[in-house]
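Residues per chain are reported as follows:
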Amino acid sequence: MTVSTGSSLFTGDAGSGESEIRRHILENDLLEALIALPEQLFYNTGIATYVWVLTNRKAAQRRGKVQLIDATSFWTPMRKSLGDKRREIPLDRAQGILRILAEFKDGEFSKIFPTTHFGFRKITVERPLRLNFQATPERVARLEEERAFQALAQSKKKGAAGAKEQEQGRALQEAVRAMVRALPDTLHRDRAEFERVVQGRAAKTGLKLAGAHHARDSLCAVGARRDRRDLPR
């Protein structure tokens, strides 16, 4: 029998050291019962604690099963607190907990489950990212939020040179906006194909995107969305 905090019940991801310890206990049918105790029973902490009843000599009716006992209400207040200890379990309440343990029945304070109900496995499924590209109004509206698009109207230069570069950038932004609004709303599942459509439309409007990689990247970013075929089911 051992007393521990609640962290021993869930700390550690599947496959970790803590999880493997719990797995060993359950797979070898060593856990007879878990008893949830009242809070504020100990001097230095008021957190919840649990009693692990462990044995390698389970009775026949207990094999392959774990009894959970809720004893959190089996307490009385102390007349004088001692640090964080404000509650105690009197003898009659302690005997009541032992009686529930010995009876091994489902009831108000007791539940019995197969050990297999406490096990789980973690499986990581890696799937290739699939995006689709489409110049719909709601996606195009995201263009203004793209940092690369905003950077077109920004300049690190100072004075007249910087102001001129910013003015040219704002003009390019406006040209990009007009070009994007004129794009067909055809759905594309290939970025290269979508880029060709963008480049073709830009060429027709006299807009040069070959050197404006910020604008091109922004267009692909706002047009992209995770393909629904790749969403988890």
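Now for a look at the structure at hand. Values in this document were obtained by computation on a predicted structure and should not be read as measured data.

A tally of regular secondary structure across the protein chain gives eight helices and nine strands. Expressed as a percentage of the 233 residues in the protein chain, the buried residues total 33%. By sequence separation, contacts in the protein chain at least 24 residues apart represent 68% of the contacts at least 6 residues apart. Surface summary for the protein chain: the accessible area is close to 15,300 Å², and the carbon and sulfur share equals 52%.

Read across the sheet, five strands follow the order 1-3-2-4-7 without closing on themselves; strand pairing throughout is mixed. Two strands in the sheet have a free side with no partner beyond their single neighbour: strand 1 (2-5) and strand 7 (110-114). Averaged over all adjacent pairs, the angle separating strand axes in this sheet is 25°, with direction ignored. By the bridge criterion, four bridges tie strand 1 to strand 3 (residues 49-54) in an arrangement that is antiparallel. By the bridge assignment, Thr2 is partnered in strand 3 with Trp52.

The next point concerns the packing of aromatic side chains. Per the stated rule, a full pass over the model turns up two aromatic pairs. Ring centres 5.0 Å apart and planes at 85° place the aromatic pair Phe74 and Phe109 in the edge-to-face group. In this pair, Phe74 is assigned in the loop between strand 4 (65-70) and strand 5 (76-82) and Phe109 in the loop between helix 3 (91-103) and strand 7, connecting sequence segments 35 residues apart. Since its relative accessible area comes to 11%, Phe74 is described here as buried. When its relative accessible area of 25% is taken as the criterion, Phe109 is described as partly exposed. Each ring, one from Phe113 and one from Phe118, has its centre 6.3 Å from the other, and the planes form 90°; the classification is edge-to-face. Using a relative accessible area of 31% as the deciding quantity, one classes Phe113 as partly exposed. Taking the ring centre of Tyr43 as reference, the NZ or CZ of Lys85 above it sits at 5.9 Å. Above the plane of the ring of Trp75 lies Arg87, whose end atom (NZ or CZ) is 3.8 Å from the centre.

This next bit is on the environment of Lys105. For Lys105, the location among the structural elements is in the loop between helix 3 and strand 7. Separated by 38 residues in the primary sequence, Lys105 and Gln67 place their C-alpha atoms 8.5 Å from one another. Excluding residues that lie within four positions of it along the chain, Lys105 makes contacts with Gln67, Ser110 and Ile112.

Moving on, we get to unusual backbone geometry. Of all residues except glycine, most have a negative phi; of all peptide bonds, most are trans. Look at Asp29: it is not a glycine, yet its phi comes out positive at around 55°. Mapped onto the fold, Asp29 is located in the loop between helix 2 (17-27) and strand 2 (31-36). According to the relative accessible area criterion, Asp29 is partly exposed, its value standing at 21%. A positive phi angle, close to 50°, is found at Phe104, a residue other than glycine. Its location among the elements puts Phe104 in the loop between helix 3 and strand 7. On the basis of relative accessibility, which here comes to 12%, the residue Phe104 falls in the buried class.

By size, the foremost hydrophobic cluster in this structure holds 14 residues, and its most contacted members are Val176, Met179 and Val180. Leu37, Ile69, Ala71 and Ile97 belong to the second-largest nonpolar core, a separate cluster that totals 12 residues.

For the rest of this paragraph, the subject is the pairing of strand 5. In the sheet, strand 5 pairs with strand 6 (residues 85-88) via three bridges, with the strands oriented antiparallel. Residue pairing in the sheet places Leu82 in a bridge with Lys85 of strand 6. Linking strand 5 to strand 6, which pair antiparallel, is a turn of two residues; within it Gly83 sits at a positive phi near 65°.

In this model helix 7 (residues 191-204) runs 20 Å from its N-terminal to its C-terminal C-alpha over 14 residues, within 8% of the 20 Å that 1.5 Å per residue would give. Phe194, Val198 and Ala202 are the residues of helix 7 that are buried. Take helix 7 and look down its axis: the buried residues cluster within an arc of 75°, on one side only. Opposite the buried face of helix 7, at more than 90 degrees from it, the exposed residues are Arg196, Ala203 and Lys204. Measuring from the side-chain oxygen of the N-cap residue of helix 7 to the backbone nitrogen of Ala192 gives 3.3 Å; that N-cap residue is Asp190. Gly206 sits one or two residues past helix 7 and shows a positive phi near 80°.

Scoring rules and cut-offs
Residues numbered from 1 in each chain as written. Predicted model: local features only at pLDDT ≥ 70, side-chain atom pairs only at ≥ 80, totals over all residues. Heavy atoms only, no water. Helix = DSSP H or I, 4+ residues; strand = E, 2+ residues; numbered from the N terminus. Buried < 20%, exposed > 50% of the residue type's maximum accessible area, 1.4 Å probe, protein only. Contact = heavy atoms within 4.5 Å. Areas by Shrake-Rupley, 256 points an atom, 1.4 Å probe, with all protein chains shown as cover. Pairing = 2+ DSSP bridges. Axes fitted to C-alpha atoms, helices over the stretch in contact; angles between N-to-C directions. Phe/Tyr/Trp six-rings, centres within 6.5 Å; stacked < 30°, edge-to-face > 60°. Lys NZ or Arg CZ within 6 Å of the ring centre and 35° of its normal. Core = buried A, V, L, I, M, F, W, Y, C linked by side-chain atoms within 4.5 Å. Expected span 1.5 Å × (residues − 1). Arc of directions from axis to C-beta. Polar contact = N/O pair within 3.5 Å; in protein donor to acceptor, adjacent residues only side chain to side chain.

Honestly, it's all geometry; don't read function into it.
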